[in-house]
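Given next are the chains, with one letter for each unit.
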Amino acid sequence: MGEVYVNFPQQSQKSDREMGEMSRNLHPHSINEESESSTLERVAAESLINEVLGRGLMEHGCPHYRRRCCIRAPCCNEIFGCHHCHNEAKNSINVDQKHRHDIPRHQVRQVTCLLCGTEQEVGQICIHCGVCMGKYFCKVCKLYDDDTSKQQYHCEGCGICRIGGRENFFHCYKCGCCYSILLKNSHPCVEGAMHHDCPICFEFLFESRNDVTVLPCGHTIHQKCLEEMRDHYQYACPLCSKSVCDMSKVWEKFDMEIAATPMPEPYQNRMVQILCNDCGKKSEVRYHVVAQKCPDCKSYNTRQTRG
């Protein structure tokens, strides 16, 4: 897989050049079996390595990541804190539309260490000062992050890094994305479910950093956007109009309201044709000004098609 983890303790105050030399000379791969025969020597060497690697941990970065490097964008040859910083800047409303673009993140080749300023090829350890530029590092996505509490992992199916812990998610190849393991045998598959914009805020869901939820119909939406819909009493999927939650209690209230609101004589026997948004059945039912009930699934989430 693409991800690498390194653990390190407190930092020291040696110069960049000294720290870099020690980091390169005392890299774990250079500790042979003979040196490991002495427990004290091995512990001292590992402590020194970790001391060098851990300089500046959680002290640097951009609004999106705590990291100790920035990237050079291969598309415009400019330096940014991360790929999100690039995309926000290059897709700003202040940028001419014909010049707007996203970074091809997998094509990033150069990074700059934020501790010593050395520009170099993509790698986890700075070639000059020896610092670890990201406690989590994915060589595929060129992703660096010091905050490993996110439980990052690289998904081969998605082709990008995800958060939340590999053991908590599975990749659905029909939907084309990772879902919670709780949905493995119950989610409705929709081809390319995550490869579109959120129907509320229009952010591209596949690469969104915000929580995404799967609706009962299989369509996807930001969790925050779904909560805002509910705050405004909107309970139907913006894409297919199916109910996004159990509405049985609401339908019971509709039953009571309709029973308490008899239609005038001229309209009592008027029939209309309806389409149920929840079950997809077409029916002919008696018209009522409040709503029309589907005789199959008992839902009031219907629309009049004729009559």
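Everything below is about the structure printed above this text.
Residues numbered from 1 in each chain as written. Predicted model: local features only at pLDDT ≥ 70, side-chain atom pairs only at ≥ 80, totals over all residues. Heavy atoms only, no water.

Colleague: Before we go on, may I ask you to explain the sheet that holds strand 5 (residues 119-121) in this structure?
Modeller: Strands pair in a sheet through their backbones, by hydrogen bonds, and they do so in one of two ways: parallel or antiparallel. In space, the four strands of this open sheet follow the order 3-2-4-5, with antiparallel pairing throughout. Whereas interior strands pair on both sides, the edge strands pair on one side only; in this sheet they are strand 3 (79-80) and strand 5. For strand 4 (residues 110-113) and strand 5, the ladder comprises three bridges, and the chain directions are antiparallel. Residue pairing in the sheet places Q110 in a bridge with E121 of strand 5. (Pairing = 2+ DSSP bridges. Helix = DSSP H or I, 4+ residues; strand = E, 2+ residues; numbered from the N terminus.)

Colleague: Looking at this structure, I do not really get unusual backbone geometry. What am I missing?
Modeller: Glycine aside, residues mostly have negative phi angles, and peptide bonds mostly take the trans form. Positive phi is not limited to glycine here, since N77 has a value of about 60°. Its place among the elements puts N77 in the loop between strand 2 (69-72) and strand 3. N77 gets classed as exposed once you look at its relative accessible area, which sits at 52%. (Buried < 20%, exposed > 50% of the residue type's maximum accessible area, 1.4 Å probe, protein only.)

Colleague: Mind showing me how you'd approach empty space enclosed by the protein here?
Modeller: Remark: the empty space left among the atoms is shown by a probe the size of a water molecule rolled over them. As enumerated under the stated definition, the model contains one cavity of 30 Å³ or more in all. Approximately 70 Å³ is the volume attributed to the largest cavity. Contributing to the lining of the largest cavity are R67, I71, C82, H83, I103, R105, V108, C141, K142 and L143. Tallied by class, the residues present in the lining of the largest cavity amount to six nonpolar, one polar and three charged. (1 Å grid on protein atoms, 1.4 Å probe; cavity = no way out; pocket = protein on both sides within 12 Å on 5 of 7 lines; lining within 4 Å. Points joined across faces, edges and corners; volume = space filled by probe spheres on them. Nonpolar A, V, L, I, M, F, W, Y, C, P; charged D, E, K, R; others polar.)

Colleague: Got a minute to help me understand the pairing of strand 15 (residues 282-286) in this structure?
Modeller: Regular strands place their side chains on alternate faces of the sheet. When strand 14 (residues 271-276) meets strand 15, the two strands line up antiparallel, connected through five bridges. In the strand pairing of strand 15, L275 is matched with K282. Connecting strand 14 to the next strand, strand 15, in antiparallel fashion are five residues, including G280 with a positive phi near 80°.

Colleague: What is the right way to read helix 3 (residues 39-53) from this model?
Modeller: Residue pairs three or four apart in sequence face the same way in an α-helix, which turns once every 3.6 residues. The terminal C-alpha atoms of helix 3 lie 21 Å apart, and with 15 residues this matches the ideal 21 Å at 1.5 Å per residue to within 8%. Of all the residues in helix 3, the buried ones are A45, I49, E51, V52 and L53. (Expected span 1.5 Å × (residues − 1).)

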